[in-house]
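# Notes for the structure review
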Amino acid sequence: MNTPFEPAVDDLLRTLAPQVLGVLTRRWGDFASAEDAVQEALLDAATQWAAQGVPRNPRGWLVQVASRRMTEQARSEQARRRREELVAGQVPTYRRSAPGADAGDEGAHDDTLALLFLCCHPVLSPASAIALTLRSVGGLTTGEIARAFLVPEATMGQRISRAKQRIKNSGVPFRMPDDAEWPTLLDAVLHVLYLIFNEGYASSTGPQLRRVELSREAIRLARAVHTLLPGNAEVAGLLALMLLTEARGPARTSPDGELIPLAEQDRGLWDKAAIAEGVALITAALPRGPVGPYQVQAAIAAVHDEAPTAADTDWPQILALYGVLARISDNPLITLNGAVATAMVNGPAAGLALLTDPPPALAGHHRLYAVRAHLHELAGDREAAVADYRTAARRTTSLPERHHLSLRAARLATRAGR
């Protein structure tokens, strides 16, 4: 033990947690028990490493401690003998002993991607997959996840427990998918990471516009998947999309917390390093193909981010990209964004015409009214804009968005009354 405990240890534990969980799940074949054992080992590490320093092989230390917890759990159950016989039949003799605290383990095999596939398996609902991924792969505590989604910790704990039980009951194996399973399962992983990022970048409920811990965690996990699958164009596209979008974060709110639309943001506040990385990723990914929705969305984000001013935005290129996106994705929000691009190229009336018969999934959605309000405002129809801004404000569950939309309506109404 020779390294003093520093705040960076939290990052180390978060990085090692899915690796250790993968080792135990592969070794014991019991994801739920392994996850509990790893959480206990992480708590032990946070306490002991603070006093004694980080061990030379922190991963081996965690595997040893978590394995000991697994053994204790097995022995405390009435079905101990049956479980030990099952494990003995599945695990080769040379792998039944936990490694020493400072010993290497199994070639430092990284099961992070297999663990992501397990946590994001289609047998789980998106909400359950998000919670389980943040807990088991992201290393967030149940309390942190509960606070991020504005639910009681007990409720989130039950959701995570049900997700683990669902995986156990389904018999989903802990392994990398075969060729037939790969596309569906990777799509599920990317979708969960996309949802986590979106909730962090633009919170759907509550008083905060952003939950930075979620968007950063999504980027960290997407970066890990990209490291494991560097040749996958859609993985690169999703990471690029996250980086290019998150780069605008510092300019999204005023000093008093008011939301600032993209066209009005101070682009000098944007994260230039993140933009450069995102542009490089998507530039390299697009020629590899096949082109998927995350790559196209990243390309759109890159066009926005590379424009020195809002007036310099290449809207014809963005409109063409939305045409491509509409052909390969059925996401109804594409209709809204495409309508804005159409309005910027062909005029607001053309954009509004695309929203006269919106997809059923958008019926009553606050974003439909917000986009319509924006296009009515561009067209000079203040009365219609005010009405739609007010409707959008009533329907959103995000307090910052509600404040922004209400303020927009009030300002337009005041101008109209002059």
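Just so it is clear, the structure is predicted and the values come from calculations on it, not from any experiment.

Moving on, we come to the overall build of the chain. Within the chain, the secondary structure is distributed over 19 helices and zero strands. The burial tally for the chain puts 48% of its 418 residues in the buried class. For the chain, long-range pairs separated by at least 24 residues make up 67% of all intrachain contacts whose partners lie at least 6 apart in sequence. In the structure as shown, the chain presents an accessible area of about 19700 Å², 54% of it carried by carbon and sulfur atoms.

With that settled, consider the environment of Pro-348. For Pro-348, the position within the fold is in helix α16 (residues 348-353). Taking C-alpha positions, Pro-348 is 9.0 Å from His-374, a pair spaced 26 residues apart along the chain. Apart from the residues within four sequence positions on either side, Pro-348 is in contact with Ala-343, Leu-375, Leu-378 and Ala-379.

Scanning the model with the defined rule gives zero disulfides in all. In this model Cys-119 remains outside any disulfide bridge; the closest cysteine sulfur is found in Cys-120, 6.3 Å from its own. Here Cys-120 falls in the buried class, since its relative accessible area comes to 3%.

The next subject is the nonpolar core. Core analysis: the biggest nonpolar cluster contains 111 residues, and Leu-24, Leu-62 and Leu-193 have the highest contact counts within it. Sequence-distant contacts of Leu-193, defined by excluding residues within four places in its chain, comprise Ala-218, Leu-221, Ala-222, Val-225, Leu-238 and Met-242. Within the second largest apolar cluster, 11 residues are counted, among which are Tyr-369, Ala-373, Tyr-389 and Leu-405.

Turning to the packing of helix α5 (residues 112-119) against helix α9 (residues 182-201), a few remarks are in order. Running from N to C, α5 and α9 point in directions that differ by 85 degrees, and their axes come no closer than 9 Å. Taken together, the axes of α5 and α9 are roughly perpendicular relative to one another. Of α9, the residues touching α5 (which contributes Leu-113, Leu-116 and Phe-117) are Trp-182, Leu-185, Leu-186 and Val-189. By residue class, the composition of the contact of α5 with α9 is seven nonpolar, no polar and no charged.

Bringing the packing of helix α11 (residues 233-246) against helix α13 (residues 293-306) into the picture now. The interhelical angle for the contact between α11 and α13, taken along N-to-C directions, is 35 degrees, at an axis separation of 8 Å. Once α11 is placed against α13, the crossing between them reads as left-handed. Judged by residue contacts, Ala-233, Glu-234, Gly-237, Leu-238, Ala-240, Leu-241 and Leu-244 of α11 engage Pro-293, Tyr-294, Gln-295, Gln-297, Ala-298, Ala-301, Ala-302 and Asp-305 from α13. Looking at the contact of α11 with α13 residue by residue, the classes come out as 10 nonpolar, three polar and two charged.

We now examine helix α14 (residues 315-328). Compared with the 20 Å implied by 1.5 Å per residue over 14 residues, the 20 Å span of α14 between its first and last C-alpha is a close match. Those residues of α14 that fall on the buried side of the exposure criterion are Trp-315, Ile-318, Leu-321, Tyr-322 and Leu-325. An end-on view of α14 places all buried positions within 115 degrees of arc, on one side of the element. Buried residues along α14 sit in contact with α13 and α15 (333-346). Of the residues flanking the start of α14, the one acting as N-cap is Asp-314, its side-chain oxygen 3.2 Å from the backbone nitrogen of Gln-317.

Okay, the confidence of the model for the chain next. Here the chain averages 85 in pLDDT, and 89% of its residues register 70 or above. Throughout residues 1-5 the model reports pLDDT below 50, and contacts reaching past four residues in sequence, or to other chains, amount to 13 contacts. Predicted confidence is poor over residues 91-108, with pLDDT under 50, and the contacts of this stretch with residues over four places away or in other chains come to 35 contacts.

Attention shifts here to the packing of aromatic side chains. This structure, assessed with the given rule, holds three aromatic pairs. When the centroid spacing of 5.8 Å and the interplanar angle of 10 degrees are considered together, the rings of Phe-197 and Tyr-201 count as stacked. With Phe-197 and Tyr-201 both in helix α9, this residue pair falls four residues apart, about one helical turn. Each member of the pair, Phe-197 as well as Tyr-201, carries the same accessibility label: buried. Just above the ring of Trp-270 sits the side chain of Arg-248; from NZ or CZ to the centre is 6.0 Å.

Looking now at α5. Across the eight residues of α5, eight count as buried, placing the element largely inside the fold. Along α5, the residues that are buried comprise Thr-112, Leu-113, Ala-114, Leu-115, Leu-116, Phe-117, Leu-118 and Cys-119. Summarising the contacts, the buried residues of α5 are in contact with α1 (8-28), α2 (31-52), α6 (126-136), α8 (153-170), α9 and α10 (212-228).

Criteria and cut-off values
Residues numbered from 1 in each chain as written. Predicted model: local features only at pLDDT ≥ 70, side-chain atom pairs only at ≥ 80, totals over all residues. Heavy atoms only, no water. Helix = DSSP H or I, 4+ residues; strand = E, 2+ residues; numbered from the N terminus. Buried < 20%, exposed > 50% of the residue type's maximum accessible area, 1.4 Å probe, protein only. Contact = heavy atoms within 4.5 Å. Areas by Shrake-Rupley, 256 points an atom, 1.4 Å probe, with all protein chains shown as cover. Disulfide = S-S within 2.5 Å. Core = buried A, V, L, I, M, F, W, Y, C linked by side-chain atoms within 4.5 Å. Axes fitted to C-alpha atoms, helices over the stretch in contact; angles between N-to-C directions. Parallel < 35°, antiparallel > 145°, perpendicular 65-115°, else oblique. Nonpolar A, V, L, I, M, F, W, Y, C, P; charged D, E, K, R; others polar. Left-handed = near helix turned anticlockwise from the far one by under 90°. Expected span 1.5 Å × (residues − 1). Arc of directions from axis to C-beta. Polar contact = N/O pair within 3.5 Å; in protein donor to acceptor, adjacent residues only side chain to side chain. pLDDT = per-residue confidence, 0-100. Phe/Tyr/Trp six-rings, centres within 6.5 Å; stacked < 30°, edge-to-face > 60°. Lys NZ or Arg CZ within 6 Å of the ring centre and 35° of its normal.

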